[in-house]
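One letter stands for each residue in the lines below.
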2 protein chains.
Amino acid sequence: MGKSKGKKVSTKPPSGMRDFLPADIARRQHVISIVREVFGRYGFVPIETPAIENLSTLLGKYGEEGDQLLYRLLHRRDALTRALAADEVSEATLADKGLRYDLTVPLARVAAQYGALPKFFKRYQIQPVWRADRPGKGRFREFYQCDVDITGTSSLVAEAEVCGAAAEVLEKLGFEDFELRINHRELLRAMIRAAEVDEALEGSALIAVDKLDKIGLEGVKQELEERGLSPESAAKLLGFVCCEQLLEPGSPLYNVVDPQQSLTWGILGVAALSENEDQPQHVVVLEFLKRLLHGDEKAAEVLDELALLFELLGSTPAGPRIRLFPALARGLSYYTGAIFEVAVPDLGSSLAGGGRYDNLIGMFGKHEVPAVGMALGLERILVVMEQRGMFPELSEGPEVLLCWLDVGAPGVLKTAHALRQQGLRVEVYPESAKLKKQLGYADSEGVKAPVAAILGADEAAAEAITLKHLASGEQKRGVPIAEASATIRRWLEPAQ
Amino acid sequence: MGKSKGKKVSTKPPSGMRDFLPADIARRQHVISIVREVFGRYGFVPIETPAIENLSTLLGKYGEEGDQLLYRLLHRRDALTRALAADEVSEATLADKGLRYDLTVPLARVAAQYGALPKFFKRYQIQPVWRADRPGKGRFREFYQCDVDITGTSSLVAEAEVCGAAAEVLEKLGFEDFELRINHRELLRAMIRAAEVDEALEGSALIAVDKLDKIGLEGVKQELEERGLSPESAAKLLGFVCCEQLLEPGSPLYNVVDPQQSLTWGILGVAALSENEDQPQHVVVLEFLKRLLHGDEKAAEVLDELALLFELLGSTPAGPRIRLFPALARGLSYYTGAIFEVAVPDLGSSLAGGGRYDNLIGMFGKHEVPAVGMALGLERILVVMEQRGMFPELSEGPEVLLCWLDVGAPGVLKTAHALRQQGLRVEVYPESAKLKKQLGYADSEGVKAPVAAILGADEAAAEAITLKHLASGEQKRGVPIAEASATIRRWLEPAQ
C-alpha cells in the first residue's frame with residue numbers, strides 16, 4: 001500500500017446519518033424479517049414509494065415544525081438560474097421537491113392515485129425517512145419506519161387488526177413488558193369541552209398535555225396556563241386526563257386540582273371502581289369517564305366506541321397489553337379517531353404509535369377515504385433490543401474460509417464452487433500466503449469464519465479437503481469434497 | 001365517502017420516480033432474495049450507507065457530467081440565510097450535501113473510515129441511488145443498484161469471485177444467454193499507444209470507442225477524428241479494438257481501416273487462428289493481440305494477466321459466458337485494471353458492469369487500497385425478466401379471506417388469529433356485509449385470495465369453518481379450525 005496524494009475529505013457519514021456495517025445489518029434484517037412475516041400473515045402487502053416527493057405533497061401535513069424539518073432539493077440548471085435571477089430568492093423559490101418525512105403521507109398520495117387498489121388496502125411499508133432534526137442520542141436524520149395501515153373502512157376491526165399485528169411483531173421479537181396505550185381524539189375533545197377550554201385553544205392544550213411524561217403534572221398545569229387556559233380549566237383538564245390518579249389517595253394530582261372538585265370526582269371514581277371490581281383497567285376508567293363526562297352525548301358515544309374497540313382488541317394478541325390512557329394526545333394533527341402508542345418501561349419515548357386519520361387521503365384525492373395505521377419505530381426497537389440483549393446469535397458472514405497452499409488458484413476456485421453448491425457460505429483466501437496467516441485471518445475480527453477448509457497438494461490429488469473447526473480445534477483430514485457439508489453442518493449446529 | 005374540499009395536489013410521484021405496488025415489490029423481492037442468497041454463499045456481507053453524503057465526498061468522482069446529475073440539498077435556516085446574504089449566490093454556496101449517486105464511492109468512504117473491517121472486505125450493498133438525469137424509457141432518477149466488491153487485494157482471484165458470483169446470480173434468475181465481456185484498461189492504453197494517439201487524447205478517444213454499439217464503425221471513426229485523432233491513428237485504433245472482425249473476410253472494418261495495413265493485420269490474425277484451432281475465443285484473440293502489439297512489454301504483461309484471469313474464470317460459473325472484448329471501455333474514469341460488462345442480446349445497454357479500481361479508496365484514506373467490483377443493474381434485470389416472462393408465480397397477498405355473517409366481530413378476530421397461528425396469510429373482511437359481496441371481494445383484482453373461509457353462526461358454535469376454493473368452487477363445510485390449514489395448503493399446492 002503506497003501513500004496516496006491529494007487533499008483528504010472526511011470519511012464520516014454526515015451528521016445524524018449512519019453507516020450500517022454487516023453486524024448492524026444482521027440485526028436490522030432480523031427485525032425486518034419478523035415484521036414482514038407477521039404483517040404478511042395479517043394480510044398486509046408491501047409497497048415502496050420514492051425518497052423524493054413534490055413539496056406540494058409534503059408541506060402542510062406535519063404542522064409548522066415538521067415543515068421546517070423537511071430536506072429540500074435545490075433546483076438545478078435552468079430552474080436554478082431562473083430562481084436566482086428573480087427579485088426574491090428564498091427557500092420557497094429555490095426548491096419544489098423534498099425528501100420523504102414519513103410513510104403516511106406517501107401512502108395517502110398512493111391511495112388517492114391508484115384506482116385499481118383493493119377497496120380495503122392493507123399495506124405495510126418499511127423504508128427510511130429524513131428529518132433535518134437536531135441529531136442526538138437515538139435521534140437521527142435518516143431512520144427507518146415500519147408502517148402498517150388499512151384504508152377504506154371505518155370499522156373498528158381495522159384498528160384491532162393494526163394493533164394486533166403490531167403486538168404480535170413485538171412479541172415475536174421477544175418483548176414481554178410493553179403496554180399498548182389507547183385513547184381517542186373525540187374523547188380528548190369531550191374532556192376539553194368539559195373543562196370549559198376555549199375551542200380555539202384545543203390544539204395548543206393537547207400539545208401541553210402530551211408532555212405529561214416529560215414535565216409532570218405541575219409542569220403541564222403551568223404550561224396550560226401559559227397557553228391561555230384559565231387556572232380552573234387547566235386544573236379540570238388535568239383532572240380528566242389523569243382521572244385514574246384520583247383513585248389513588250394521596251396522589252400528587254390532589255395538589256394540582258381544586259380540593260373540593262377532586263373530592264366530588266373521587267367519589268364518582270370510587271363508585272366506578274366498586275361496581276367493576278376485578279374488571280380490567282379500561283372498564284373501570286371508561287365507567288369513571290362516563291360519570292365525569294355525564295350529559296355530553298358525543299362523549300357517551302365515543303366511550304361506547306372505545307368499549308367496543310377494547311372488546312375487539314381482547315380477541316387479538318394485543319389483548320393482554322391494552323390500557324386506556326386518557327392523557328395520550330399524540331402530536332400529529334391528522335388523527336381523527338382512536339390513537340395508540342406502545343410504551344416500554346425503559347424507554348422515554350414510544351416504540352410505536354398510530355391512530356385513525358379519516359381526512360388525510362381526501363386532501364389528495366376526490367373522495368374522503370377513512371384510514372387507520374401504526375408506525376413501528378424500527379430504530380427505537382433496535383436500541384431497546386440491543387440494551388436488553390434480545391438478539392439471537394446472528395451471522396451473515398462466511399461459514400468456511402477456504403485456505404490453500406501448493407495448489408493453483410483455478411483448483412481453489414473449483415473447490416469453492418463445489419462447497420458453495422452444497423449451500424455453504426464460503427470465502428476464499430484471495431492470495432497465496434502461509435497457512436498460519438490464512439488460518440489467523442479466518443479467526444480474525446470481522447471475519448470469524450467458524451470453519452477453515454484447507455486445500456493442499458495431497459487434498460487436491462484426492463479431490464478431498466481438510467476441515468478444521470476453529471473453536472474446538474477439531475480437524476478432519478481427507479474429507480471427500482462432496483461430503484464436506486455434512487461435517488461442517490454438524491459443527492455449526494447449536495450445541496444442545 | 002363524502003366529497004372533500006380544498007385545492008388538490010398532483011398524486012403522481014415526481015418525474016423519473018416510481019411507486020412500487022405490491023406486485024412490483026414481489027418481483028423486486030424475488031430478484032433481491034436470489035442476489036442476497038448467492039452473494040452470501042460467496043462470502044460477501046451486506047452493508048448500507050446513508051442516502052445523504054457530503055458533496056465533498058461525491059464531487060469529482062464521476063466526471064463532469066456525473067457531478068451535474070447530483071441532487072443537492074438546499075441549506076436550511078441560518079446556513080441558508082448566510083448563503084443568501086453573501087455577495088455571490090450559486091449552486092456551490094447553497095448546498096454542501098447531496099444524494100448518493102452510486103454505491104462505489106460510499107464503499108470507498110466506508111473502507112477508508114472503519115479500521116476494524118477485515119483486510120479483504122467482501123461487501124455487497126443493495127440500495128437506491130439518485131441521478132437527476134433526463135427521465136426516459138427504462139431510465140429513472142431513483143433506481144436500485146446491487147453492488148458486490150472486494151477490497152484489499154490485487155489478486156485476480158478477486159476478479160474471478162466477483163464475476164463468478166454475478167454469473168451465478170444471473171443463472172439462478174434464469175438467464176441463459178448472457179455474455180460476460182472482459183477487457184483491461186492497460187490493454188486499451190497499449191492499443192492507444194500502438195495507434196500513436198497523443199496521450200492527452202486517451203480519455204477522449206475511449207469515450208468515442210465506447211459508442212461502437214450505438215453509432216457503429218463509421219460513426220466512431222468520425223468521432224475519433226473530431227476529437228483530434230489523425231485519420232491514421234483513428235483507423236489503427238479501430239483496427240485494434242475490433243481486431244476480431246479482421247478474421248472475417250468482407251467485414252465492414254475493411255472499409256474503415258487502411259487496406260494495406262489491414263492485409264498485414266489479417267495475415268497475423270489468420271496465423272493466430274490457425275495455431276489455436278478449436279480454442280475458445282479469448283485464446284485466439286489474446287494471441288492475435290500479442291502479435292498486433294508485439295514489442296510493447298507492458299502490453300505483453302497485461303495480455304498474460306488476462307490469460308490468467310480467463311483461466312481463473314473458467315473455474316467459476318462465469319466460465320461458459322466469458323468473451324474478450326477489446327472494444328469495451330466503460331465510462332467511469334476510476335478503473336485501473338480489468339473491466340467487465342454483462343450483455344444480453346435484447347438489451348441495448350448492459351445488465352451489469354464493473355472492474356478494478358485500485359486508486360479510489362486512496363482518495364479518501366491514508367493508504368491506497370486495491371479493489372474490484374461489479375454493479376448489477378437491478379432495474380434492467382427486472383425489465384428484461386418482465387419482457388421475457390421469466391418470473392415465477394409470486395404472491396405476497398393473503399391466502400385466505402375470512403368472511404363472516406351473523407357472528408360478532410370478536411369471534412371473527414379470534415378465528416383469524418387461530419388461522420394465522422397455523423402460518424396462513426389471512427385477511428379479515430373488515431365490515432359486516434352480505435356474503436356474496438364478501439366473496440366477490442376475495443376474488444377481486446388486487447386481492448385475489450385463493451381461498452375464502454366463511455364463519456357463520458353454525459360454524460362459530462362448532463368451532464369450525466367453511467372453506468371454499470375460489471378457482472375450483474370446491475367447498476368443505478364444518479372443517480375444525482385447527483385443521484383448516486391442511487385443507488388450504490392442499491388447495492394451494494401447485495398442480496403436479
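I will try to describe carefully the structure that is included in this document. (Residues numbered from 1 in each chain as written. Chains lettered and ligands numbered in written order. Predicted model: local features only at pLDDT ≥ 70, side-chain atom pairs only at ≥ 80, totals over all residues. Heavy atoms only, no water.)

Examining the sheet that holds strand S16 (residues 475-480) of chain A
Remark on secondary structure: sheet strands pair via backbone hydrogen bonds, oriented parallel or antiparallel. Residue and element names in this part refer to chain A. Ordered by their spatial adjacency, 5 strands build an open sheet running S13-S12-S14-S15-S16, and the pairing between neighbours is mixed. Each edge of the open sheet is held by one strand with a lone partner, namely strand S13 (426-428) and S16. The average angle at which neighbouring strand axes cross in this sheet is 30 degrees, direction not considered. Relative to S16, strand S15 (residues 464-469) runs antiparallel, the two sharing 4 bridges. Within the sheet, the bridge partner assigned to Ile-465 lies in S16 and is Val-479. The sheet strands contacting helix H20 (residues 484-492) are strand S12 (400-404), strand S14 (451-455), S15 and S16, and the helix crosses S15 at an angle near 5 degrees. (Pairing = 2+ DSSP bridges. Helix = DSSP H or I, 4+ residues; strand = E, 2+ residues; numbered from the N terminus. Axes fitted to C-alpha atoms, helices over the stretch in contact; angles between N-to-C directions. Contact = heavy atoms within 4.5 Å.)

Brief notes about the pattern of salt bridges
Under the defined criterion, the tally for this structure stands at 74 salt bridges over all chains. A salt bridge links A:Glu161 to B:Arg420; the shortest N-O distance between them is 2.7 Å. In this pair, A:Glu161 is assigned in helix H7 (residues 156-173) and B:Arg420 in helix H17 (residues 409-421), connecting two distinct chains. Residues A:Glu161 and B:Arg420 agree in their burial class; the two are buried. What you see here is one network of salt bridges that share partners, running through A:Glu179, A:Arg181, A:Asp213, A:Glu244 and A:Arg323. (Salt bridge = Lys/Arg side-chain N within 4 Å of Asp/Glu carboxyl O. Buried < 20%, exposed > 50% of the residue type's maximum accessible area, 1.4 Å probe, protein only.)

Brief notes about the packing of aromatic side chains
Inspection of every chain in the model, using the stated rule, returns 18 aromatic pairs over all chains. Between B:Phe240 and B:Trp265 the ring centres are 5.3 Å apart and the planes differ by 45 degrees, which places this aromatic pair in the tilted class. Here B:Trp265 lies in helix H13 (residues 259-275) and B:Phe240 lies in helix H11 (residues 231-241), a separation of 25 residues in the sequence. For the pair B:Phe240 and B:Trp265, one class covers both residues: buried. Aromatic ring contacts, followed pair by pair, group A:Phe39, A:Phe44 and A:Tyr124 into a single cluster. Here A:Arg28 stacks its cationic end above the ring of A:Phe20, 3.8 Å away from the centre of that ring. Lying over the aromatic face of B:Tyr101, B:Arg131 brings its terminal NZ or CZ to 4.0 Å of the ring centre. (Phe/Tyr/Trp six-rings, centres within 6.5 Å; stacked < 30°, edge-to-face > 60°. Lys NZ or Arg CZ within 6 Å of the ring centre and 35° of its normal.)

Concerning the relation of the copies chain A and chain B
Turning chain A through 180 degrees and shifting it by 0.0 Å along the axis lays it on chain B, with an RMSD of 0.0 Å. Given the turn and translation reported, the copies of this chain are related as if by a two-fold rotation axis. Mapped onto chain B, 100% of the interface residues of chain A are again interface residues, and the two copies thus contact each other with one and the same surface. (Least-squares fit on C-alpha atoms with pLDDT ≥ 70 in both.)

Some remarks on the packing of helix H1 (residues 22-41) of chain A against H7(A)
Residues and elements named next belong to chain A. Packing of H1 against H7 brings their axes to within 9 Å, and their N-to-C directions diverge by 140 degrees. What the angle tells us is that H1 and H7 run oblique. Once H1 is placed against H7, the crossing between them reads as right-handed. Between H1, through Val-31, Ile-34, Val-35, Glu-37, Val-38, Phe-39 and Arg-41, and H7, the contact on the second element is made entirely by Ala-165, Glu-168, Val-169, Lys-172 and Leu-173. Across the contact of H1 with H7, the residue classes break down as 8 nonpolar, no polar and 4 charged. (Parallel < 35°, antiparallel > 145°, perpendicular 65-115°, else oblique. Left-handed = near helix turned anticlockwise from the far one by under 90°. Nonpolar A, V, L, I, M, F, W, Y, C, P; charged D, E, K, R; others polar.)

A few points about the environment of A:Met374
All names here are of chain A. Structurally, the position occupied by Met-374 is in strand S11 (residues 371-376). Note on Met-374: relative accessible area 1%, which makes it buried. Along the backbone, Met-374 and Glu-159 are 215 residues apart, and their C-alpha atoms lie at a distance of 9.1 Å.

Focus on the environment of A:Gly63
Mapped onto the secondary structure, A:Gly63 falls in helix H3 (residues 63-68). A C-alpha to C-alpha distance of 20 Å links A:Gly63 and A:Ala338, two positions 275 residues apart in sequence.

Quick word on the side chain of A:Asn276
Residue and element names in this part refer to chain A. The residue Asn-276 is located in the loop between helix H13 (259-275) and helix H14 (281-292) in this model. According to the relative accessible area criterion, Asn-276 is buried, its value standing at 12%. Apart from the residues lying within four places of it in its own chain, the contact partners of Asn-276 are Val-283, Val-284 and Glu-287.

As for the nonpolar core
Within the largest apolar cluster, 324 residues are counted, with the highest numbers of intra-cluster contacts made by A:Phe175 and B:Phe175. Ignoring sequence-local partners within four residues, the contact set of A:Phe175 consists of A:Leu170, A:Arg321, A:Val344, A:Leu351, A:Ile381, A:Val384, A:Met385, A:Arg388 and A:Met390. Counting residues in hydrophobic clusters, the runner-up holds 16 residues, among them A:Leu73, B:Ala51, B:Ile52 and B:Leu73. (Core = buried A, V, L, I, M, F, W, Y, C linked by side-chain atoms within 4.5 Å.)

Structural notes on the interface of chain A and chain B
One frequently used descriptor of interface size is the decrease in accessible area upon assembly of the parts. Across the contact, 117 residues belong to chain A and 117 residues belong to chain B. For the chain A and chain B pair, buried surface summed over both sides reaches about 9,900 Å², with 59% attributable to carbon and sulfur atoms. When the residues that make up the side of chain A that touches chain B are grouped by side-chain class, the tally is 58 nonpolar, 28 polar and 31 charged. (Buried area = accessible area lost by both parts, 1.4 Å probe.)

So, the pairing of S15(A)
All names here are of chain A. Across the 6 residues of S15, 5 count as buried, placing the element largely inside the fold. Bridge count for S14 against S15 is 4 bridges, and the pairing is antiparallel. Bridge pairing links Ile-454 to Thr-466 in S15. Hairpin connection of S15 to S16: 5 residues between the antiparallel strands, including Gly-473 at a positive phi of 80 degrees.

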